Amino acid sequence: FVAGHNFEGIHVLDWKNKKEIGSLQMTKAPIFDIQSRNKMVWVASGDGLLTVIDIEKMVVSERKRVSERNVRCIAINGMTGDIAVGSSDNFIRVFDEHLALKKEWQAHTNSVFTLRFTPDCKSLISGARDARLKVWDVGANYILAGEVVAHLYAINHLDFSPDGKHFVTCSMDKSIKVWDLAELKLLKVIDKARHAGHGTSVNKLLWTDFNDRLVSASDDRTLSVWQIIF
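Residues numbered from 1 in each chain as written. Predicted model: local features only at pLDDT ≥ 70, side-chain atom pairs only at ≥ 80, totals over all residues. Heavy atoms only, no water.

### Topic: the packing of aromatic side chains
Stated precisely, the cut-off is as follows: Classification of ring pairs uses Phe, Tyr and Trp, with its six-membered ring standing for Trp, and accepts pairs whose centres are within 6.5 Å; under 30 degrees between planes counts as stacked, over 60 as edge-to-face, and the remaining range as tilted. A helix here means a DSSP run of H or I that spans at least four residues, while a strand means a run of E at least two residues long, and both kinds are numbered starting from the N terminus. Accessible area is worked out with a 1.4 Å probe on protein chains only. A residue is then buried under 20% of its type maximum, exposed over 50%, and partly exposed in between.
Evaluation of the coordinates by the stated rule reveals four aromatic pairs. With 5.2 Å between their ring centres and 65° between their planes, Trp105 and Trp136 make a pair best called edge-to-face. In this pair, Trp105 sits in strand 11 (residues 101-106) while Trp136 sits in strand 14 (residues 132-137), placing the two residues 31 residues apart along the sequence. The burial state of Trp105 is the same as that of Trp136; both residues are buried. Each ring, one from Phe167 and one from Trp179, has its centre 6.1 Å from the other, and the planes form 10°; the classification is stacked. In this pair, Phe167 sits in strand 17 (residues 166-171) while Trp179 sits in strand 18 (residues 176-180), placing the two residues twelve residues apart along the sequence. Phe167 gets classed as buried once you look at its relative accessible area, which sits at 0%.

Spelled out as structure tokens, the structure:
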């Protein structure tokens, strides 16, 4: 288990035995996202860098200056190897496996907070501080394929259902929303008024394959577990 710290880089934890097995002081800036593939870990940080770490050797393999602003989120395409990075300069940048820049564009009017490739790896979905949800076509050089004003305030995170047919978004507006992936159609709203949801910003989501349960984390210091019924 790899954890990021605001001032001390990353910590590698043996979660079964509840002990730390390694750490790396790779930056003094806040860490906003960590993604992994095979034996490599990609870290997005507040110093504008994308850092690649060999997790077995616990060494920095490569550093890439991505932006003059915070690097907020990372998504890795399991089929093409593309690495998409969202930043506080409102841009999405896509790199190949060797961190050569393939494309960059201003995707939103405010910070890009969350990025995910769809389960079939054919689309990239982004959510931002401008409350908009956008879909980008991977095979057509990331042209815009869909857009919706999804929330009242910043979209903090998104995740897909285990069957790949739906996805969820969460927001600073305190709500969780359930969407049909194929049609980009809103199906359900989970909030405090309707379902005794969170009372403050909802920051992270994990749609697990354990009985199809959805887990949400909030500024109210609680985790909630949901069963989504269609």
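On we go.
### A short note on the side chain of Thr27
Let me state the cut-off plainly: Polar contacts, as used here, are pairs of N or O atoms within 3.5 Å; protein pairs need one atom able to donate a hydrogen and one able to accept it. Residues neighboring in sequence count only if both atoms are side-chain atoms. By the convention used here, residues are in contact when the closest approach between their heavy atoms is within 4.5 Å.
As for its placement among the helices and strands, Thr27 is situated in the loop between strand 3 (19-24) and strand 4 (31-37). Under the relative-accessibility criterion, Thr27 is labelled buried at 6%. Here the side chain of Thr27 touches Ala29 through a polar contact of 2.9 Å, landing on its backbone nitrogen. The residues contacting Thr27, other than those within four sequence positions of it, are Phe7, Glu8, Gly9, Ser45 and Asp47.

### Focus: the nonpolar core
Test applied: Buried Ala, Val, Leu, Ile, Met, Phe, Trp, Tyr and Cys residues that are joined via side-chain atoms within 4.5 Å together make up what is termed a nonpolar core.
Counting 14 residues, the largest nonpolar core has Ile92, Leu115, Leu124 and Tyr142 as its most contacted members. Of all the secondary structure elements, the ones that give two or more residues to this core are strand 8 (71-76), strand 10 (91-95) and strand 12 (112-117). With three residues, the top contributor of residues to this core is strand 12. In this view, Leu115 contacts Cys73, Ile74, Ala75, Ala84, Val85, Gly86, Ile92, Leu124, Ile125 and Ser126; residues no more than four positions away in its chain are not counted.

### Describing the environment of His195
Mapped onto the elements of the fold, His195 is located in helix 1 (residues 192-195). The exposure class of His195 is partly exposed, given its relative accessible area of 42%. His195 sits 31 residues away from Trp226 along the chain, and the two C-alpha atoms are 9.9 Å apart. Ignoring any residue separated from it by four or fewer positions in sequence, one finds His195 in contact with Val189, Ile190 and Trp226.

### Examining the sheet that holds strand 2 (residues 10-14)
Under the convention used in this document: The criterion for strand pairing is that DSSP finds at least two bridges linking the strands in question. As a rule, the C-alpha atoms of each element are fitted with a line to give its axis, helices using only the stretch in contact, and angles between N-to-C directions run from 0 to 180 degrees.
The three strands are arranged 1-2-3 in an open sheet whose pairing can be described as antiparallel. Two strands lie at the open edges of the sheet, namely strand 1 (2-4) and strand 3, each paired on one side alone. Taking the axes of each pair of neighbouring strands and ignoring which way they run, one obtains an average angle of 30° across the sheet. One ladder, built from three bridges, connects strand 1 with strand 2; its direction is antiparallel. Paired with Val2 across the strands is Val12, a residue of strand 2.

### Comments concerning the pattern of salt bridges
Definition in use: Counted as salt bridges are all cases of a side-chain nitrogen of Lys or Arg within 4 Å of a carboxyl oxygen of Asp or Glu.
By the definition in use, this model includes nine salt bridges. Note that Asp191 and Arg194 form a salt bridge whose closest N and O atoms lie 2.3 Å from each other. Residue class for Asp191 comes out buried when judged on its relative accessible area of 14%. A relative accessible area of 55% places Arg194 in the exposed class. Salt bridges here are not isolated pairs; linked through shared partners, they connect Asp89, Arg93 and Glu104.

Everything listed here is a matter of geometry and, on its own, says nothing about what the molecule does.
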